[in-house]
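Reading the structure
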Amino acid sequence: MSGLFGCIDCSDKATDVAKTAYYGVFSLQHRGQESAGIAVNNHGTFMVHKQPGHVADTFDDVVLSTLQGNCAVATAKTAKSSETGSDALQPTLIKSRAGNVALSSCSVILNEKEMRDKLTDMGALFQSNTDSELILSLLSRNAVKTDTVEEAIMETIKEIKGVYSLIFMTEDKLIGVRDPYGMRPLVLGHKDNMWMLSSESCALDALDAEFVRDIEPGEIISISKDNIVSTYFDSSVSSEERVKNGQVCIFEYVYVARPDSVIDGSSIYESRVMTGAALAKEHPCDCDLVISAPDSGNAAALGYANAIGIPYGMGLLKNRYVGRTFIQGTQGERELAVRMKFSVLKSAVAGKRICIVDDSLVRGTTTKYIINFLRESGAKEVHLRLASPEVKFPCCYGVNASKGSELPARTMTDEEICKMIGADSLGYVSLDALKASLKGIHCGVCSACFDGNFVAGCCDGNCPNK
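All values derive from a computational prediction rather than experimental measurement.

What follows concerns the nonpolar core. With 46 residues, the main nonpolar core has Phe-251, Val-290, Tyr-304, Val-357, Tyr-397 and Phe-450 as its most contacted residues. Every element with two or more residues in this core is listed here: β14 (247–249), α9 (251–256), α10 (268–282), α11 (298–308), β20 (353–358), α17 (431–436), β23 (444–446) and α18 (448–451). Beyond its immediate sequence surroundings of up to four residues, Phe-450 is in contact with Ile-250, Phe-251, Ser-388, Pro-389, Glu-390, Val-391, Phe-393, Leu-431 and Leu-434. By size, the runner-up hydrophobic cluster in this structure holds 28 residues, among which are Val-344, Val-349, Leu-386 and Ala-409.

Written out as structure tokens, the structure is:
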């Protein structure tokens, strides 16, 4: 996942629009932590600054003061395994028949190789393996045979297969696109003379902007100083049916999204609390203290504790300045990285039967170390409860596992997993209960990582559930 933000000042004045984009994408840092970038449009002149690192490390007042304009797009990105070095940095800029175009994308293009080979045969030259370059190359080609950039974008999304949210910046417009499945979230906001597009509503809240609505599945929304116009991938379907048939990624509610966001009608925080309560009903635990694996397990742990009537407290602290732990090379390095990321409140857990609630168990590596740390700190028992079902299918849309054998729930029994991670017991919330906890949601969900139903198809035609 990556965090996307775009804004356009419809007063058509050169303003500190980059600072708005900065605060917007800073609020989406949780969605992408490997690189950050902002591109601005100053009446047709495009400027961009992007580099590896977090948003706050990439920009300061000096840099932002140079990025003057009336429109901006920004990305907080996590690169795919095929994207390396500077190629992975966004936003991506090109100059085409449609003029200057910048793109911030969160995408998985399933027919990427097919389209890349097709364009190469037609004479296209690629400088990277990124989705954004492929999308912009298709856009450039389609701009030759269409009258408007919106038509060129429509032809482009008809050619690509996959899941994505996209924010384009042209010389006079800000354009948002959500894939026909609605799997990647994208919302519209407004404040004074400025319109905004964002991966999540939390960025709008940070800017004191009004949340207007979710972008519909298959919608292309084009915003200029004169008007806002929407076109649709399938115009024969009513707006009500488009929304109802949407398939937003269920991992947004389990893990990805910030708790204070609302996606497709459902509060992330409320859904996690309700999931925790449902988990308690299905898998109660005889324990002394309920704790969470911070931070994505916090709300579910609170719901779980309240439902079973056991105190909820702090047992683990998270160091927010440590990156991901699975990239370490050796077992010793991985364990040290986890120790750097998590610390145990020994006085809180010593001599107690602990129930730890986490959002999910994918590979189980970090969970194993955390349980061991709790035992080293004096916990009498450690029980694990998970606010999502068993992750059994590697999903090229989001769950980063290349094959099913990497997923313990795919190949092992609950008893075997308990032994592997060192837990006294293990319980997952059911998929039905998880879906029922998404209060207020007005669309469907994609739960391929749990049930193997890959609604958008599989990467390279090889379904990962086989």
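Okay, back to it.
With that settled, consider empty space enclosed by the protein. Under the counting rule described, the total for this entry stands at two cavities of 30 Å³ or more. In this structure, the largest cavity occupies an estimated 50 Å³ of space. Lining the largest cavity are Tyr-253, Val-254, Ser-271, Arg-272, Thr-275, Ser-296, Ala-387, Leu-434 and Leu-438. Of all the secondary-structure elements, those providing two or more residues to the lining of the largest cavity are α9 and α10. Per-element accounting of the lining of the largest cavity gives the leading share, three residues, to α10. Here the lining of the largest cavity is built from residues that sort into five nonpolar, three polar and one charged.

In this structure the tally under the stated criterion is zero disulfides. Distance from the sulfur of Cys-71, which forms no disulfide, to the nearest cysteine sulfur (Cys-7) is 6.7 Å. Cysteine Cys-443 is unpaired, with the sulfur of Cys-446 as its nearest cysteine sulfur at 11 Å.

This brings us to helix α4 (residues 112–121). The complete set of buried residues in α4 reads Glu-112, Met-115, Arg-116 and Leu-119. Considered in projection along α4, the buried side chains sweep an arc of 100° and stay on one side of the axis. In α4, those exposed residues whose orientation departs by more than 90 degrees from the buried face are Lys-113, Glu-114 and Asp-121. Buried positions along α4 lie against β6 (99–109), α5 (131–144) and α6 (149–159). Following α4 by one or two positions, Gly-123 adopts a phi angle in the positive range, close to 105°.

Turning to the sheet that holds β6, a few remarks are in order. The six strands lie next to each other as β5-β6-β7-β8-β12-β13, forming an open sheet whose pairing is antiparallel. Edge strands, defined here as strands with exactly one partner in the open sheet, are β5 (92–96) and β13 (228–232). Averaged over neighbouring strand pairs, the angle between their axes works out to 20° when direction is ignored. Pairing analysis gives eight bridges linking β6 to strand β7 (residues 162–169), with the strands arranged antiparallel.

Among the secondary structure elements, Lys-225 is positioned in the loop between β12 (219–223) and β13. Lys-225 sits in the partly exposed class, given a relative accessible area of 48%. Counting along the chain gives 217 residues from Lys-225 to Ile-8, while the straight-line C-alpha distance between them is 8.2 Å.

Let us look at the pattern of salt bridges. Here the structure, examined in full by the defined rule, presents 14 salt bridges. Between Arg-353 and Asp-286 there is a salt bridge, with its nearest N and O atoms 3.3 Å apart. Of this pair, Arg-353 sits in strand β20 while Asp-286 is found in the loop between α10 and β17 (289–292), placing the two residues 67 residues apart along the sequence. The exposure class assigned to Arg-353 is partly exposed, which follows from its relative accessible area of 21%. Between Arg-353 and Asp-288 there is a salt bridge whose closest N-O contact spans 2.8 Å. In this pair, Arg-353 is assigned in strand β20 and Asp-288 in the loop between α10 and β17, connecting sequence segments 65 residues apart. Salt bridges sharing common partners tie together Arg-31, Glu-200 and Glu-252.

What counts and what doesn't
- Residues numbered from 1 in each chain as written.
- Predicted model: local features only at pLDDT ≥ 70, side-chain atom pairs only at ≥ 80, totals over all residues.
- Heavy atoms only, no water.
- Core = buried A, V, L, I, M, F, W, Y, C linked by side-chain atoms within 4.5 Å.
- Buried < 20%, exposed > 50% of the residue type's maximum accessible area, 1.4 Å probe, protein only.
- Helix = DSSP H or I, 4+ residues; strand = E, 2+ residues; numbered from the N terminus.
- Contact = heavy atoms within 4.5 Å.
- 1 Å grid on protein atoms, 1.4 Å probe; cavity = no way out; pocket = protein on both sides within 12 Å on 5 of 7 lines; lining within 4 Å.
- Points joined across faces, edges and corners; volume = space filled by probe spheres on them.
- Nonpolar A, V, L, I, M, F, W, Y, C, P; charged D, E, K, R; others polar.
- Disulfide = S-S within 2.5 Å.
- Arc of directions from axis to C-beta.
- Pairing = 2+ DSSP bridges.
- Axes fitted to C-alpha atoms, helices over the stretch in contact; angles between N-to-C directions.
- Salt bridge = Lys/Arg side-chain N within 4 Å of Asp/Glu carboxyl O.

Geometry only, nothing functional implied.
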